[in-house]
Amino acid sequence: DIGAALASVADPGVDEDALDDLDDRVRAAHERIAAGRADDEFGYASLNLPERTDPAEIRAAVEPVADAEYVLTVGIGGSALGARTITSALADEPERHVVLDNVDPEHVERTLSDLPLAETAINVVSRSGTTAETLANFLVVREAYEDAGVDWTELTVVTTGEEGPLRELADAEDLPTLPVPEGVPGRFSALSAVGLVPPAILGVDIEGVVDGAAAVADDLGPSLRDTPAYAYGAVLHELEQEGAAVNAVMPYAERLESFAEWIAQLFAESLGKDGQGQTPVRALGATDQHSQLQLYRAGPADKVVTFVRPGERPELSIPSADHEALSYLDGVGLGELIDAEYDATVASLPAADRPAIEVEIDRLDPQGVGELLYAMEAACVLMGELAEVETFTQPAVEWGKRATRALIQGESTEETRVVDERTNYV
Ligand code: PA5
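These notes cover the structure that comes with them. This one's a predicted model, so the numbers in the text were calculated from it and none came from an experiment.

Let's shift gears to the packing of helix H2 (residues 16–38) against helix H11 (residues 228–241). Two elements in contact, H2 and H11, have axes separated by 11 Å at closest approach and are oriented at 115 degrees. The hand of the H2/H11 crossing is right-handed. Judged by residue contacts, Ala18, Leu22 and Val26 of H2 engage Tyr230, Ala234 and Glu238 from H11. The class makeup of the residues in the contact of H2 with H11 is five nonpolar, no polar and one charged.

Written out as structure tokens, the structure is:
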């Protein structure tokens, strides 16, 4: 319920007059977003995923690997973080989803040697089908299966675009292949096959996730006062204009730690343009109350903290210690303790003249996670409109991809010349 949280940023933060002005701009931005969605324009089409994604198609594609003990996702950035976020939040055993998104040889070797390969499904994801890290890791993974005498073709599911080397490799081996939907950039694809294949294999109710997202999609209205997702995006934008250069996202649930990583990518890659964009920081409550919070409350006044929590938690009572100094914990549950820490920390920031925003989902279930992911995507798109940046491109990321390829191939390009000259800067 992001809308109800506006009060907690009103002082300090965004006053009522500023909210009214913002609301006029939100209306105009909403019209632009609605038109983009109606035309399935690149990027805006992401907000149509709840009606386009067919969980039955995903379930049919993963049927051959539905009994796998582990899922090994080979992908990076938007092709990995959504799936990790959903399995971390919702799978009964999230550790059964292992992600290879880095090409650190030590890590790749250790990951592969720790996994029972014959019982591990391979989920390869790349929208472009060309990303060096993903393709290189896939080739290493394939060889490891072959060396172990395991038929990787029986265990692999591919999600990729219509064309490209990954599509060709998948076709050549006749692998089950799901499409990355048209018009959807990687970081906005969590609610498609890109994000839903691993949770489907691990038995998560992906239908519920899509339903939750659809409920928020249906409720996107023109006013920030009626649309929590827009309230969040508009207030963050306004706080950025007022000097909040950093947005620390601090969920109070271990299962949402990956969510903070996902949102950091979504906001940084979408909004870090033209000299604008807040720096997202990943934090975790209550753990980071004992580290970063000091800086948030008493450091430079250039931050906003976004608190996220589920409204309901399981019961786990704290046994009595029969000790006077610990008697305040008698009869208390861990859920009560973490919620008290949350309430105290949220209140501590405005009291020190620092803004705080609360995002609450009813509970950590498929519906709630679908709502949360979709609301954050809508907030991000709104922020892009308000900042007038190209939300759906990532030229700096593409620069790095081109530079890597050229360096490996020994080519001389605009990018490699910059690399050659780097000694001038250090
Ligand atoms: O959001 C994005 O566009 C990026 O983070 C991509 O998801 C990432 O670079 C991986 O690209 P691809 O899916 O083409 O391998």
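Resuming the write-up.
Turning to the sheet that holds strand E3 (residues 120–126), a few remarks are in order. With respect to topology, five strands assemble into an open sheet ordered E2-E1-E3-E4-E5, the strand pairing being parallel. The open sheet is flanked by strand E2 (97–100) and strand E5 (177–179), the only strands paired with a single partner. This sheet shows a mean twist of 20 degrees between the axes of neighbouring strands, independent of strand direction. Examined bridge by bridge, strand E1 (residues 70–74) and E3 share five bridges and lie parallel to one another. For leucine 72, the partnering residue across the bridge sits in E3 and is isoleucine 122.

Attention now goes to helix H5 (residues 81–90). With 10 of 10 residues buried, H5 is to be regarded as a mostly interior element. Along H5, the residues that are buried comprise Leu81, Gly82, Ala83, Arg84, Thr85, Ile86, Thr87, Ser88, Ala89 and Leu90. Residues of H5 that are buried make contact with E1, E2, helix H9 (193–201), helix H10 (206–218), helix H12 (257–271) and helix H15 (366–387).

On to the nonpolar core, then. Counting 115 residues, the largest nonpolar core has Val197, Phe307, Ala378, Ala379 and Leu382 as the members making the most contacts within it. Counting residues per element, this core draws most heavily on H15, at 13 residues. Excluding its chain neighbours within four sequence positions, the residues that come into contact with phenylalanine 307 are Met250, Tyr252, Tyr342, Val346, Ala356, Ile357, Glu358 and Val359.

Further remarks concern the sheet that holds strand E8 (residues 303–310). One open sheet holds the four strands; their spatial order is E7-E6-E8-E9, and the pairing between them is parallel. Two strands close off the open sheet at either side, each with one partner strand: strand E7 (279–282) and strand E9 (356–361). In this sheet, neighbouring strand axes are inclined to one another by 20 degrees on average, regardless of whether the strands run parallel or antiparallel. Pairing between strand E6 (residues 246–251) and E7: four bridges, direction parallel. Each residue of the ladder has a partner; that of asparagine 247, found in E7, is proline 280. Sheet strands touched by H12: E6 and E7. Its angle to E7, the strand with the most contacts, is close to 170 degrees.

Our focus in this paragraph is the packing of H2 against H15. Two elements in contact, H2 and H15, have axes separated by 9 Å at closest approach and are oriented at 115 degrees. As judged from the angle between their axes, H2 and H15 are roughly perpendicular. The handedness of the crossing between H2 and H15 is right-handed. Mapping the contact onto sequence places Arg25, Val26, Ala29, Arg32 and Ile33 in H2 and Val381, Leu382, Glu385 and Leu386 in H15. Residue classes in the contact of H2 with H15 are distributed as six nonpolar, no polar and three charged.

Around the ligand sit 15 residues in total, of which Gly77, Gly78, Ser128, Thr131 and Gly186 are the nearest. Tallied by class, residues from the shell around the ligand come to three nonpolar, nine polar and three charged.

This next bit is on the environment of tyrosine 44. Relative to the elements of secondary structure, tyrosine 44 occurs in the loop between H2 and helix H3 (49–52). With 22 C-beta atoms packed within 10 Å, tyrosine 44 lands in the buried category. Once residues within four sequence positions are removed from consideration, tyrosine 44 is found in contact with Ile33, Gly36 and Arg37.

Parameters and conventions
- Residues numbered from 1 in each chain as written.
- Predicted model: local features only at pLDDT ≥ 70, side-chain atom pairs only at ≥ 80, totals over all residues.
- Axes fitted to C-alpha atoms, helices over the stretch in contact; angles between N-to-C directions.
- Helix = DSSP H or I, 4+ residues; strand = E, 2+ residues; numbered from the N terminus.
- Left-handed = near helix turned anticlockwise from the far one by under 90°.
- Contact = placed C-beta atoms within 7 Å.
- Nonpolar A, V, L, I, M, F, W, Y, C, P; charged D, E, K, R; others polar.
- Pairing = 2+ DSSP bridges.
- Buried ≥ 20, exposed ≤ 12 C-beta atoms within 10 Å, placed from the backbone.
- Core = buried A, V, L, I, M, F, W, Y, C linked by C-beta atoms within 7 Å.
- Parallel < 35°, antiparallel > 145°, perpendicular 65-115°, else oblique.
- Near = placed C-beta within 6 Å.

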